[in-house]
Amino acid sequence: RHVIAGPWLGTAPDWEYDGQVDDNASGDAPADENGVVLLDWLGNPTTQLVPGEWAKIRVNVAAASPEGGRLYAWLDYNGDGLWGGSGTETQSGNAYAWNEQIADGLAIAAGGTATIDVFVPHQGIDPGTINARFRLIGETEYAVRKGLDANWTLPVGTIAHSGEVEDYVYTIVE
């Protein structure tokens, strides 16, 4: 949950009284979610993730935002709602690490774009829909919280006093 203040994702902030249907990020309002784009390996927008392949996620912070922010993001690959899975998968002799938290305080300036490369694991992942959550907080709030606790990080479901949350539903294909 976020208070509508500070930076926002996409072209304008979306506002919901209580922005979460549930803590599993089952999609809060797809029609106004426009700050995050999942890209296939050719750079085309998609909603599908392919196990054993890399995907790119492009995140935009609105130019009209009053400040830049810090991004926290998760893909709930295994659908358990815990947002903490991680591991290493070996393919053709190469080890690929993966983690359900795909961004942990990634700085993005107002009007800026960041691209996150993610490896989509095979192991323990079933085809079907998964939930994704993207949380952006303002640089000011981030600095205050880090000043109070250098190890602070934004959990998936707690309140933030600035920024925005966008939830997406993606599909793991076979």
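Before reading further, recall that the structure is shown in the block above.
Each value, and the rule that gives it
- Residues numbered from 1 in each chain as written.
- Predicted model: local features only at pLDDT ≥ 70, side-chain atom pairs only at ≥ 80, totals over all residues.
- Heavy atoms only, no water.
- Pairing = 2+ DSSP bridges.
- Helix = DSSP H or I, 4+ residues; strand = E, 2+ residues; numbered from the N terminus.
- Buried < 20%, exposed > 50% of the residue type's maximum accessible area, 1.4 Å probe, protein only.
- Core = buried A, V, L, I, M, F, W, Y, C linked by side-chain atoms within 4.5 Å.
- Contact = heavy atoms within 4.5 Å.
- Salt bridge = Lys/Arg side-chain N within 4 Å of Asp/Glu carboxyl O.

Caption draft 1: Summary view of the sheet that holds strand β7 (residues 101-108). The strand order across the open sheet built from five strands is β2-β10-β9-β4-β7, with neighbouring strands paired in mixed fashion. A single partner strand is all that each edge strand has here, and the edge strands are β2 (48-49) and β7.

Caption draft 2: Expanded view of the pairing of strand β9 (residues 128-138). Counting buried residues in β9 gives nine out of eleven residues, a clear majority hidden from the surface. Sheet analysis places strand β4 (residues 69-75) next to β9, joined by seven bridges and oriented antiparallel. When the sheet's bridge partners are listed, G69 is paired in β9 with G138. With nine bridges joining them, β9 and strand β10 (residues 164-172) adopt antiparallel strand pairing. Looking across to β10, one finds that I130 is bridged to Y170.

Caption draft 3: Structural view of the nonpolar core. Counting residues in each nonpolar core, the largest one holds 29 residues, and the members touching the most others are I57, V59, L71, L75, Y77, F134 and Y170. Among all residues touching Y170, those that are not within four sequence positions of it are V36, L38, T47, L49, L75, G128, T129, I130, A132 and F134. Counting residues in hydrophobic clusters, the runner-up holds nine residues, among them Y72, W83, I137 and Y142.

Caption draft 4: A look at the pattern of salt bridges. A complete count under the given rule lists four salt bridges for this structure. Between E139 and R70 there is a salt bridge whose closest N-O contact spans 2.9 Å. Residue E139 is located in helix α1 (residues 139-148), and its partner R70 is located in strand β4; the two are separated by 69 residues in the primary sequence. Accessibility expressed as a relative area gives 18% for R70, which makes it buried. We note a salt bridge from R133 to D167, for which the minimum N-O separation is 3.0 Å. Separated by 34 residues along the polypeptide, R133 in strand β9 and D167 in strand β10 bring together distant segments of the chain. Residue D167 is classed as buried on the basis of its relative accessible area, which comes to 2%.

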